[in-house]
Amino acid sequence: MSSTEVLGARRPVVLRRAPSPWLAPWRFVRRYPLFPAIIWGAVIVFAIASPLIAPADPFRQVLTDRLQPPAWSEGGSMKHVLGTDHLGRDVFSRIVYGSRVTVTVVLLTVTASAATGTFVGMLAGYFGGTVDALLMRAVDFQIALPALLFGVMLSSVLEPGLRNVVVIIVLFTWASFARLVRAEVLSLRERDYVLLARAAGAGWVRIFVKHLFPGVLNTVMVLATLEVSVVIIFESSLSFLGLGIVPPTVSWGAMLAEGREYMSVAWWLVTIPGLAIFSVALAGNLFGDWLRDTLDPHLRRSA
Amino acid sequence: MRRYLLLRLLQSLLTILLVVMVVFLIARIAGDPVTLLVTFDASQSDIDRLKQELGLADPLPQQFVRFLTDAARGDFGISFRTNRPAMQEVLSRVPASAQLAGFALLISLAISIPLGVLAAVTRGSLVDVIARFFALVGQAAPNFWVGLMLIFLFSVRFGWFPTGGRGGLDHMFLPALTLGTSASASLTRLTRSAMLDVINSDFVTMARAKGLPRRTVIFKHALRNALIPVVTILGVRVGVLISGSVIVETIFAWPGVGRLIIQAINVSDFPVVQAAITLTATSIVLANFLTDIVYMFIDPRIRYVRS
Amino acid sequence: MQAPQTRPEPGTRSPAAGDSEVLLSVRHLRTHFFTREGAVPAVDDVTFTVRRGEILGIVGESGSGKSVTARSIMRLVPLPGRIVDGDVLFRDEDLAALSQGEMQRLRGAHMGMVLQEPMTSLNPVLTIGNQVGELFVYHPERTPQGFSVRGAVLDILNRVRIPDAARRLIEYPMHFSGGMRQRVSIAMATGCRPELIIADEPTTALDVTIQAQVLELLLELRNTLGVSVLFITHDLGVVAQICDSVAVMYAGKIVEYNDVESIFDRPRHPYTRALLRSLPQLGTRMARLPSIEGQPPDLGALPPGCAFAPRCPSVVDACRAQVPEPTPLGERGGYVRCFVADDELQADRAAATRSGGGGDGR
């Protein structure tokens, strides 16, 4: 709708500057979570159906085929769509199998972190007083600690592996949930339905589960989605440093570490696993923003 | 004002104490350090004797107190690898890390604040879209990937920069850029949204109604207020940045504390790991405290209201 | 038979008593907001005139367009709003045609603004002395002769009755109460002796006693400085206290415009009457305060015809078919937009002629 057409305006209204032509596609991307859905969908499918999707055994070393470039590059072939690494292993298959680690870590970590943080936040927000003060001290402390530093230190003394990685990451991410949930609970607990429940003699467990939890669910879901990118970057950083998920298990971070040596002759060994990590993280951020905009329009900031 | 500062100082000291405790405990999880120090054929009595000497037979709290008092004096033991005092090893790397982190912070601020302001002031323009895109993408890109990509493109392919090592501006540029990416992205986002909030506020309208020039309205009125939340976040972002140096220094072979940590971990050189992590974490806590002070200066409301 | 009377085109003359020269003449102003859902006519064909030293009250509910009118005159309409039509003649310049740079020259120096919320009108991180002083720093030619910046600041703060002003120059807004902050806003709006002050609900957020003080202050400033005031409000009680003329707005249009006595004694538009009826009256006992039924309309989806028709107690078919044009009221530029009022006016005129002519035609 052109402003000059409105009501036969006498004075042509020249917009000081036209909005950039890029604004519309940007708005589209933010409004419809197409990209996140595709990426996460693909990763989940990869993880579940790895043997069906991967063209080759990710552990099979074919030394005669080492350092093959991806199919679209010179020297590449469809036999190895994304090329091979220094041991002749098919990169695409390794990406597919690597998604298992990604999905598992993300699922376990985010769930555990959200659950712990939410519970702590509810305790602090609902009971207040000393409980609140103590718990918030713990929260502040965790947030003040540089996560990667201590994560690195912790994982160096623990054995590498899935379980320890999850524990470590949860240790450094639960506090954001706690803080957020506590803030929500502080306002929720003054609501009528909570006061009525308390007056009716409901115990705190019941109140937590039936009244507080549904109220905080939206915010928790948004944060959980946003935390996915934090988690996956944390895990892949640890794996990259040789401290998280290590060979022989296939993880994208470790793939990057292995490929680093050969980067000058085989760029795909670093670019492709990195792209995978980046996509999942980006999808998480986009999805989280979209979720926030959808669930709580007045929280909506133009971002 | 003084009460607020004192309170924050005490909180910071308490946090540092807890940090030391955590470092101590983590190292203890690793198991018995003695076994790392003795040779294969040591007898049990040798081991016991060594344990006694090193004070490892004492109850844990006692060990901790000793650790704490030693740490306060800067004594973290001797590096397993080089046989020099652990803290000395760490301190020798500090200038390199400080240089890189400082430069990274500078670049981040130089990019993100102008970008955020411009994006807010020219809402809907190409700059705005670029800023929002950058804020989104920059926070999702893992810094080890960004660093390696930058090396590949600009060092290997184009040869504009050296691939690693410490040196002048050309050596510092890529690692600083990598280190600062995540901070730049989040600072851009924050500056932009803070500016947008402020630009729509009444006092900015009043400033315009007074006939003040545009530049004055944007900088003296809008930005000055918008920077308040940005400074608050800055403390947190500095912590994340310093954390990230562990990876970036490793990739670019920059001889700083971060790289030292990884090297020490790989050879289980615990004294050095403890010293490095304690020092780094402490400096982050202090950096946060400093941001609180700065915050106090720029927002008069904090100065006069009891916290 | 009466001689044909030449009346000014509705709104092009101020209906208030007095003969000072015209300061501000708004004609057929239209300001639209271009939202994603379409163009919203926040201000739709608004015409009025303000003379020097006159206090005009613009009254209406939220969403009536009164604030946007004020902002349009100052050219501070927030995006996505834009002035799409009309003239805003101020001291021989059409403000609607000026660039922002040219407007900057006028703002502060020749026109000042006071906003509703004292808590957010002042910059929280700058001292009062700094904020008020800016006015003089950037308009040195309008600083009272012989005063330094500090002197001018003290002078204006004293004028607005800030006690102990010298000591308070280094204080921050948080040290001032709401009423004080409004005074500071008024000081910033009047420091350079502008010809026009636009006050957007300046007393709405204040206690009644403070409100009275602020109103008194505005009157005094008008009397001493000769400044004209555009006083936006939803409170007819306030209007009765200080305004010389009144424009009643509804859904972006002025539905009645006249001097203050006529508005209160002989309101013509059903909306004006309804507003007056809803004022609590001392001395009468009422079970309930009458209020206007219904909700203010959605400006993006206005019905054809008069926007007030859905809520109007006197509505007739014609109201729903067409938007009423302004019908002159009196000789001085007042008008009303209402078919029902038109009929009433005709009936009055007829009655007046029958009863012996010479009626004032109102």
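The structure presented is a predicted model; accordingly, all values stated were derived computationally and were not measured. (Residues numbered from 1 in each chain as written. Chains lettered and ligands numbered in written order. Predicted model: local features only at pLDDT ≥ 70, side-chain atom pairs only at ≥ 80, totals over all residues. Heavy atoms only, no water.)

Student: What should I look at first to understand the overall build of chain C in this one?
Tutor: Counting its regular elements, chain C contains 13 helices and 12 strands. Whereas a compact globule of 362 residues would reach a radius of gyration of roughly 21 Å, chain C reaches 21 Å, a difference of no more than 12%. The principal-axis extents of the C-alpha atoms in chain C amount to approximately 65 × 50 × 50 Å. The burial tally for chain C puts 57% of its 362 residues in the buried class. In chain C, 67% of the contacts between residues at least 6 apart in sequence involve partners at least 24 apart. As presented, chain C carries roughly 15,200 Å² of accessible surface, and 51% of it is formed by carbon and sulfur atoms. Within chain C, the 42 negative side-chain charges are centred at a point lying 2 Å from the centre of the 38 positive side-chain charges. (Helix = DSSP H or I, 4+ residues; strand = E, 2+ residues; numbered from the N terminus. Rg over C-alpha atoms; globule rule 2.2 N^0.38 Å. Buried < 20%, exposed > 50% of the residue type's maximum accessible area, 1.4 Å probe, protein only. Contact = heavy atoms within 4.5 Å. Areas by Shrake-Rupley, 256 points an atom, 1.4 Å probe, with all protein chains shown as cover. Lys, Arg positive; Asp, Glu negative; His and termini not counted. Charge placed at Lys NZ, Arg CZ, Asp CG, Glu CD.)

Student: Can you help me understand the interface of chain B and chain C in this one?
Tutor: You'll often see interface size given as the accessible area lost when the parts meet. Between chain B and chain C, the contact holds 23 residues from the first and 30 residues from the second. Summed over both partners, the interface of chain B with chain C comes to about 2,400 Å²; 61% of that surface belongs to carbon and sulfur atoms. If you look at where chain B meets chain C, you find 2 salt bridges. For Glu134(C), the salt bridge goes to Lys210(B), with nearest N and O atoms at 3.0 Å. (Buried area = accessible area lost by both parts, 1.4 Å probe. Salt bridge = Lys/Arg side-chain N within 4 Å of Asp/Glu carboxyl O.)

Student: Would you mind showing me how to read the side chain of Thr216(B) here?
Tutor: Structurally, Thr216(B) is set in helix α10 (residues 214-251). The class for Thr216(B) is buried, based on a relative accessible area of 10%. Residues in contact with Thr216(B), not counting those within four places in the same chain, are His221(B), Glu134(C) and Tyr138(C).

Student: Quick question: what am I supposed to make of the environment of Asp170(B) here?
Tutor: Residue and element names in this part refer to chain B. Locating Asp170 in the fold gives a position in helix α8 (residues 169-199). Expressed as a C-alpha distance, the spacing of Asp170 and Trp160, which sit 10 residues apart in the sequence, is 8.4 Å. Discounting residues that sit within four places of it in the chain, Asp170 has contacts with Phe161 and Pro162. There is a polar contact of 3.4 Å between the side chain of Asp170 and the side chain of His171. (Polar contact = N/O pair within 3.5 Å; in protein donor to acceptor, adjacent residues only side chain to side chain.)

Student: Quick question: what am I supposed to make of the packing of helix α6 (residues 147-157) of chain A against helix α12 (residues 270-298) of chain B here?
Tutor: Between two packed helices, what matters for the description is the angle formed by their axes and the separation of those axes. Between α6(A) and α12(B), the shortest axis-to-axis distance is 10 Å and the interhelical angle comes to 160°. Judged by the angle between their axes, α6(A) and α12(B) are roughly antiparallel. As for the relative orientation of α6(A) and α12(B), their crossing is left-handed in sense. Here Leu149(A), Phe150(A), Met153(A) and Val157(A) of α6(A) lie close against α12(B), whose contacting residues are Phe270(B), Val273(B), Gln274(B), Ile277(B), Thr280(B), Ala281(B) and Ile284(B). In the contact of α6(A) with α12(B), the residues fall into 9 nonpolar, 2 polar and no charged. (Axes fitted to C-alpha atoms, helices over the stretch in contact; angles between N-to-C directions. Parallel < 35°, antiparallel > 145°, perpendicular 65-115°, else oblique. Left-handed = near helix turned anticlockwise from the far one by under 90°. Nonpolar A, V, L, I, M, F, W, Y, C, P; charged D, E, K, R; others polar.)

Student: I keep staring at a nonpolar patch on the surface and nothing clicks. Help me out?
Tutor: All names here are of chain A. There is a patch of nonpolar side chains on the surface, built from Phe119, Phe127, Val131, Trp204, Val205 and Val209 and spanning about 540 Å² of accessible area. Of all elements in the fold, only α4 (91-127) and α9 (204-240) reach the threshold of two or more residues within the nonpolar patch. Examining the composition of the nonpolar patch, we find that 3 residues originate from one element, α9, more than from any other. Inspection of the secondary structure assignment puts Val131 in helix α5 (residues 129-144). (Patch = residues over 30% accessible without salt bridge, like charges linked within 9 Å, V, L, I, M, F, W, Y side chains within 5 Å.)

Student: Before we go on, may I ask you to explain the pattern of salt bridges in this structure?
Tutor: Should the charged atoms of two oppositely charged side chains come close, the side chains can pair. The full count for this structure, using the stated rule, is 36 salt bridges over all chains. Asp289(A) is paired through a salt bridge with Arg189(B); the nearest N and O atoms lie 3.3 Å apart. With Asp289(A) in helix α11 (residues 268-295) and Arg189(B) in helix α8, the pair connects residues from two separate chains. What makes Asp289(A) buried here is its relative accessible area of 3%. Overall, the relative accessible area of 23% leaves Arg189(B) in the partly exposed class. The partner of Arg73(B) in a salt bridge is Asp70(B), with the nearest N and O atoms 2.7 Å apart. For Arg73(B), a relative accessible area of 64% puts it in the exposed group. A residue is classified by how much of its surface remains accessible, and Asp70(B), at 21% relative accessible area, is partly exposed. Linked by salt bridges that have partners in common, Asp85(A), Arg89(A), Arg94(A) and Glu258(A) make up one network.

Any functional reading would require information beyond the geometric quantities listed.
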